[in-house]
Amino acid sequence: MIPLLFPKATYAKRREILARALEPNRDLVLFLNAPEKVRNFDSHYAYRPDSHFLYMTGYAEQGSAFLLWREKSPKGKVVTRFHMFVLPRDPAQEQWDGYRYGTTGAFKATGADNAHTIDTLDDAVLEWLNEVPQIGMAPRVFTNAFHEAEHKEHVLRLLEGFKPRMRSGRHEIAAIEDVHPLVQAQRVVKDAGELGVLREAAAINVKAHRKLMHQLRPGMKEFEVRALLEGEYGVDG
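Here's what I pulled together on the structure shown here. (Residues numbered from 1 in each chain as written. Predicted model: local features only at pLDDT ≥ 70, side-chain atom pairs only at ≥ 80, totals over all residues. Heavy atoms only, no water.)

A word on the overall build of the chain
1) Next: Tallying secondary structure elements over the chain gives 9 helices and 8 strands in all.
2) Next: Along the three orthogonal principal directions, the C-alpha set of the chain runs to about 75 × 45 × 30 Å.
3) Next: Burial status across the chain gives 37% buried among its 237 residues.
4) Next: Put simply, 68% of the contacts in the chain that link residues at least 6 apart link residues at least 24 apart.
5) Next: Of the roughly 14,300 Å² of accessible surface on the chain, 54% is carried by carbon and sulfur atoms.
6) Next: Counting 33 positive and 32 negative side-chain charges, the chain places the centres of these two groups 6 Å from one another. (Helix = DSSP H or I, 4+ residues; strand = E, 2+ residues; numbered from the N terminus. Buried < 20%, exposed > 50% of the residue type's maximum accessible area, 1.4 Å probe, protein only. Contact = heavy atoms within 4.5 Å. Areas by Shrake-Rupley, 256 points an atom, 1.4 Å probe, with all protein chains shown as cover. Lys, Arg positive; Asp, Glu negative; His and termini not counted. Charge placed at Lys NZ, Arg CZ, Asp CG, Glu CD.)

Some words on helix α8 (residues 192-215)
1) Next: Between its first and last C-alpha, α8 extends 35 Å over 24 residues, near the 34 Å set by a 1.5 Å rise per residue.
2) Next: Of the surrounding secondary structure, the elements contacted by the buried residues of α8 are α1 (8-19), α2 (51-57) and α9 (222-236).
3) Next: Regarding α8, its N-cap is D191, as a side-chain oxygen of that residue lies 3.1 Å from the backbone nitrogen of G193 further along. (Expected span 1.5 Å × (residues − 1). Polar contact = N/O pair within 3.5 Å; in protein donor to acceptor, adjacent residues only side chain to side chain.)

Concerning the environment of E71
1) Next: Considering the arrangement of structural elements, one finds E71 in strand β4 (residues 65-72).
2) Next: Residue E71 is classed as partly exposed on the basis of its relative accessible area of 26%.
3) Next: Along the chain, E71 and T104 lie 33 residues apart, while their C-alpha atoms are 24 Å from each other.
4) Next: With residues up to four places along the chain from it excluded, the contact list for E71 reads N25, K77, V78, V79, R81 and V132.
5) Next: Only 2.9 Å separates the side chain of E71 from the side chain of W69, close enough to count as a polar contact.

Considerations on the pairing of strand β8 (residues 175-178)
1) Next: In this structure, strand β7 (residues 140-143) lies alongside β8, joined through 4 bridges in parallel fashion. Note that in β8 the partner of V141 across the bridge is I176. (Pairing = 2+ DSSP bridges.)

Note that every value here comes from positions in space, so none of it alone points to a role or purpose.
Here it is as structure tokens:
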């Protein structure tokens, strides 16, 4: 279980900025965290979450995703909806991989409107496409799936398989677009909290390299130098 770097209100503000680019009752953001990378057999490389996913949620666990959209009520009030999808708690597996948030923990930590298990994501997307878009309006989906081959194949197969009943007033998906440009534009501007973290990281890096200068010896191997640096990084966070 990895704690969020910033208060959940910070991530909520970021999502709200992203949501302003969405048309209510038409656009859906489908954001998936990075897939795990298998090293060999049942062993994986150390997990590295998707940077944009982390920026939007602070959630660093594998097997996670979120849906984001805006709904406009008949009275004209627009509300942003944010649903998380995460791995369920599994005490046996957590002995190996570390504690998981689970749906209850993810709900509390991220401030989501709701949290579901990741195996319900596909059904949730199809349910949204059938119920949320305004009658007579073709929905659009913004996703980061294009940047991971396995995500791309799965998401495109899911979305291209959506066949609404025209008599119901529902339309096929008008566009499947990359959400990254919307997030990247936002990340160019750093707030005070981000600047503080960047300065702290820079200070840790400088300190580690200065200490390394006094530890270097002729004939040292690259892996030895790496171990010294990573040891200092680990001590200082």
